[in-house]
Amino acid sequence: MQEDRTLLNSYLKALKLPTMRQEYPSVCRKCSQANASYEMFLQELAGLELQHRMAQAIERRLKQAQFPVAKELSSYRFEDVPKLNKKRILDLSRCAFIDSRANLVFSGPPGVGKTHLSIAFGREACRRGYKVRFFTAGALVNLYVEARHEKQVLRFEKIIRGCDLVIVDELGYLPLDRMGAEYLFGFFSLCYERVSVIVTTNLPFADWPQVFANDER
């Protein structure tokens, strides 16, 4: 019996099925007590393995997204922003807009939870299988500058194109020079109809041109 288990463990290890390897003794006892079929035993084990892999994939996507903090929609205080359409926000949080490559803008004064909502949406997107990256507008521009110095702009833009959703936080919070504005404009052009973008900003739409203005204005 012990030899059989040793051999089974070696097979499961070679096949890279760690959850099945860990759980099969307890699942075996459970199915034996319930007089379950071999198919049910295998189904139970395969289900546990799949759940574990899905959880690992979610954690990997959350880590790759590089969110600055963990925020969830369940902790957002809708009562503090009574003009916000809660139903619309909940509908959008299902992330269907990502499949159509649509974009979202959270605009408003400081303190209304724009960053909270963007992160909550991003984390939900990760859980639904989408690849997400989070940047502040300033950090995004700095990454472009660094990539340019290292002649890695194409490589960086390939990373962007590999995302399903990119979050750009604090657009307009810090002034940009001409080069920074050009990089930011290039980023939005790159994402257009390819990658969904969530933007948070305290600027009204009428003031957006100043973000992309150059020194020749």
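All figures in this text were calculated on a predicted structure; none of them were measured in a lab.

Trainee: Please explain a positive patch on the surface as it appears in this structure.
Mentor: Taken together, the side chains of Arg155, Lys158, Arg161 and Arg194 define a basic patch exposed on the protein surface. The exposure class assigned to arginine 161 is partly exposed, which follows from its relative accessible area of 43%.

Trainee: What is the right way to look at the nonpolar core in this model?
Mentor: One recurring pattern in soluble globular proteins is that nonpolar side chains are buried together. The biggest cluster of nonpolar side chains holds 27 residues, and the ones touching the most others in it are Phe67, Leu73, Phe121, Val132, Leu165 and Ile198. When residues of this core are traced back to their parent elements, those giving at least two are helix H3 (38–65), helix H4 (86–92), helix H5 (96–99), strand S1 (104–107), helix H6 (114–127), strand S2 (132–136) and strand S3 (165–171). Among all residues touching phenylalanine 67, those that are not within four sequence positions of it are Leu62, Ile119, Gly122, Arg123, Cys126, Val132, Phe134 and Ile167. Counting 23 residues, the second-largest nonpolar core is a separate cluster that includes Phe135, Leu140, Val166 and Leu184.

Trainee: For this particular structure, what's the right way to read helix H9 (residues 178–191)?
Mentor: One full turn of an α-helix is made of 3.6 residues, so residues set three or four places apart face in the same direction. Here H9 spans 20 Å end to end across 14 residues, near enough to the 20 Å set by a 1.5 Å rise per residue. Taken as a whole, H9 has its buried residues at Gly180, Ala181, Tyr183, Leu184, Phe187, Leu190 and Cys191. The inward-facing, buried residues of H9 contact helix H7 (137–149), helix H8 (153–161), S3 and strand S4 (196–201). Directly beyond the C-terminal end of H9, a positive phi value near 60° is found at glutamate 193.

Trainee: Please clarify how the sheet that holds S1 should be interpreted in this entry.
Mentor: Strand pairing in a sheet relies on backbone hydrogen bonds. The paired strands run either parallel or antiparallel. Reading across from one edge, S1-S4-S3-S2 is the order of the four strands in this open sheet, with parallel pairing throughout. Each having just a single partner strand, S1 and S2 make up the two edges of the open sheet. Between one strand and the next, the sheet's axes are offset by a mean angle of 10°, whatever the strand orientation. In this sheet, S3 lies alongside S2 in parallel orientation, the contact comprising five bridges.

Trainee: It is not clear to me how the packing of H3 against H6 should be interpreted in this structure. Could you clarify?
Mentor: Helix-helix packing: each pair is described by the crossing angle between the helix axes and the interaxial distance. Relative orientation of the contacting elements H3 and H6 amounts to 145°, with a least axis distance of 8 Å. In this structure, the crossing between H3 and H6 has a hand that is right-handed. Of the residues in H6, those touching H3 at Ile58, Arg61, Leu62 and Ala65 are Arg123, Cys126 and Arg127. Residue classes in the contact of H3 with H6 are distributed as four nonpolar, no polar and three charged.

Trainee: Please explain empty space enclosed by the protein as it appears in this structure.
Mentor: One pass over the full model with this rule turns up one cavity of 30 Å³ or more. In this structure, the largest cavity occupies an estimated 40 Å³ of space. Lining the largest cavity, in full, are Ala137, Gly138, Glu170, Leu171, Gly172, Tyr173, Leu174, Leu176, Leu184 and Val211. Contributing elements (two or more residues each) for the lining of the largest cavity: H7 and S3. Within the lining of the largest cavity, the residues separate by chemical class into seven nonpolar, two polar and one charged.

Criteria and thresholds
Residues numbered from 1 in each chain as written. Predicted model: local features only at pLDDT ≥ 70, side-chain atom pairs only at ≥ 80, totals over all residues. Heavy atoms only, no water. Patch = residues over 30% accessible without salt bridge, like charges linked within 9 Å, V, L, I, M, F, W, Y side chains within 5 Å. Areas by Shrake-Rupley, 256 points an atom, 1.4 Å probe, with all protein chains shown as cover. Salt bridge = Lys/Arg side-chain N within 4 Å of Asp/Glu carboxyl O. Lys, Arg positive; Asp, Glu negative; His and termini not counted. Charge placed at Lys NZ, Arg CZ, Asp CG, Glu CD. Buried < 20%, exposed > 50% of the residue type's maximum accessible area, 1.4 Å probe, protein only. Core = buried A, V, L, I, M, F, W, Y, C linked by side-chain atoms within 4.5 Å. Helix = DSSP H or I, 4+ residues; strand = E, 2+ residues; numbered from the N terminus. Contact = heavy atoms within 4.5 Å. Expected span 1.5 Å × (residues − 1). Pairing = 2+ DSSP bridges. Axes fitted to C-alpha atoms, helices over the stretch in contact; angles between N-to-C directions. Left-handed = near helix turned anticlockwise from the far one by under 90°. Nonpolar A, V, L, I, M, F, W, Y, C, P; charged D, E, K, R; others polar. 1 Å grid on protein atoms, 1.4 Å probe; cavity = no way out; pocket = protein on both sides within 12 Å on 5 of 7 lines; lining within 4 Å. Points joined across faces, edges and corners; volume = space filled by probe spheres on them.

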